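# Residue-level structure breakdown
These are the residues of each chain, in order.
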Amino acid sequence: MLDTFDHKILSIIQKNNLTPQRDIGEMIGLSAAAVQRRIKKMRELGIIEKDIAVIDREKIGNNVTILVEVFLDSEKIEQIDIIKKEFEKVPEIQQCYYVTGESDFFLVMVVPSMSYYENLTRTIFFSNENIKKFRTIVVMGITKNSLELPLSLLLPSEK
């Protein structure tokens, strides 16, 4: 079970995971060693999944972000598991959501160009017999791009 100190540590490191543990400790009233132990434990428990860098896609040339709504022909669990594994293998798919409603999956993709995406659709979507149809939405601009969780709203508060 996470306590208030863990919540505070998570709030800090999800904004900047390079914040020195000594600084985190000073901010929340723990020693650097205690912060280090707590972070290590949260990594071992899978609470902290990854330490990543967020890259500005426009500065490296991959500047076409595409949202794809995928509709399956068969919704049998075996077919769903197969397509999940296929989507996991595609590096252009940044995020894959299995959703409720009319569609079955919602994908966030980043590609260098529309012609590249067109070729990719042949490999991913048109060649898959279980994909009934897909709908493409091209992102015109990104107003917010964050994986930061609103921890103060999601975690139970201690009294």
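Below is a short write-up of the structure. Being a predicted model, the structure only gives us computed values, none of them experimental.

A few words on the nonpolar core. Formed by 19 residues in total, the largest nonpolar core has its most connected members in Val 68, Val 70, Phe 87, Phe 105, Leu 107, Met 109 and Phe 125. Elements with a contribution of two residues or more to this core: strand 1 (64-72), helix 5 (77-88), strand 3 (105-111) and helix 6 (114-126). Per element, the largest residue contribution to this core is five residues, and it comes from strand 1. Beyond its immediate sequence surroundings of up to four residues, Val 68 is in contact with Phe 105, Phe 106, Leu 107, Met 109, Tyr 117, Phe 125, Phe 134 and Arg 135. Counting residues in each nonpolar core, the second largest holds 12 residues, with Leu 2, Ile 24, Ile 39 and Leu 151 among its members.

Under the definition given, this model contains nine salt bridges. Note that Asp 3 and Arg 38 form a salt bridge whose closest N and O atoms lie 2.8 Å from each other. Of this pair, Asp 3 sits in the segment before helix 1 (4-15) while Arg 38 is found in helix 3 (residues 32-44), placing the two residues 35 residues apart along the sequence. Across the pair Lys 15 and Glu 148 runs a salt bridge, and its minimum N-O distance is 3.1 Å. Of this pair, Lys 15 sits in helix 1 while Glu 148 is found in the loop between strand 4 (131-138) and helix 7 (151-154), placing the two residues 133 residues apart along the sequence. When its relative accessible area of 58% is taken as the criterion, Lys 15 is described as exposed.

This paragraph deals with the environment of Glu 102. In this structure, Glu 102 sits in the loop between strand 2 (93-98) and strand 3. Between the C-alpha atom of Glu 102 and that of Phe 71, which follows or precedes it by 31 residues, the distance is 7.5 Å.

As a packed pair, helix 1 and helix 3 sit with axes 11 Å apart at the nearest point and diverge in direction by 80°. In terms of orientation, helix 1 and helix 3 fall into the roughly perpendicular class. Where helix 1 abuts helix 3, its residues Phe 5, Asp 6, Ile 9, Leu 10 and Ile 13 lie against Val 35, Arg 38, Ile 39 and Met 42. Tallied by class, residues from the contact of helix 1 with helix 3 come to seven nonpolar, no polar and two charged.

It is worth spelling out the side chain of Asn 130 at this point. With respect to the helices and strands, the residue Asn 130 is situated in the loop between helix 6 and strand 4. Among the polar contacts listed, one links the side chain of Asn 130 to the backbone nitrogen of Ser 74, at a separation of 2.7 Å.

A rise of 1.5 Å per residue sets the reference length of helix 3, with its 13 residues, at 18 Å; its end C-alpha atoms lie 18 Å apart and thus fit the reference within 8%. Among all positions of helix 3, only Ala 34, Val 35, Ile 39 and Met 42 are buried. Buried residues along helix 3 cover an arc of 130° about the axis, so they all sit on one side. Along helix 3, exposed side chains directed more than 90 degrees from the buried face belong to Arg 37, Lys 40 and Glu 44. Downstream of helix 3 by one or two residues, Gly 46 has phi in the positive range, about 85°.

What counts as what
- Residues numbered from 1 in each chain as written.
- Predicted model: local features only at pLDDT ≥ 70, side-chain atom pairs only at ≥ 80, totals over all residues.
- Heavy atoms only, no water.
- Core = buried A, V, L, I, M, F, W, Y, C linked by side-chain atoms within 4.5 Å.
- Buried < 20%, exposed > 50% of the residue type's maximum accessible area, 1.4 Å probe, protein only.
- Helix = DSSP H or I, 4+ residues; strand = E, 2+ residues; numbered from the N terminus.
- Contact = heavy atoms within 4.5 Å.
- Salt bridge = Lys/Arg side-chain N within 4 Å of Asp/Glu carboxyl O.
- Axes fitted to C-alpha atoms, helices over the stretch in contact; angles between N-to-C directions.
- Parallel < 35°, antiparallel > 145°, perpendicular 65-115°, else oblique.
- Nonpolar A, V, L, I, M, F, W, Y, C, P; charged D, E, K, R; others polar.
- Polar contact = N/O pair within 3.5 Å; in protein donor to acceptor, adjacent residues only side chain to side chain.
- Expected span 1.5 Å × (residues − 1).
- Arc of directions from axis to C-beta.

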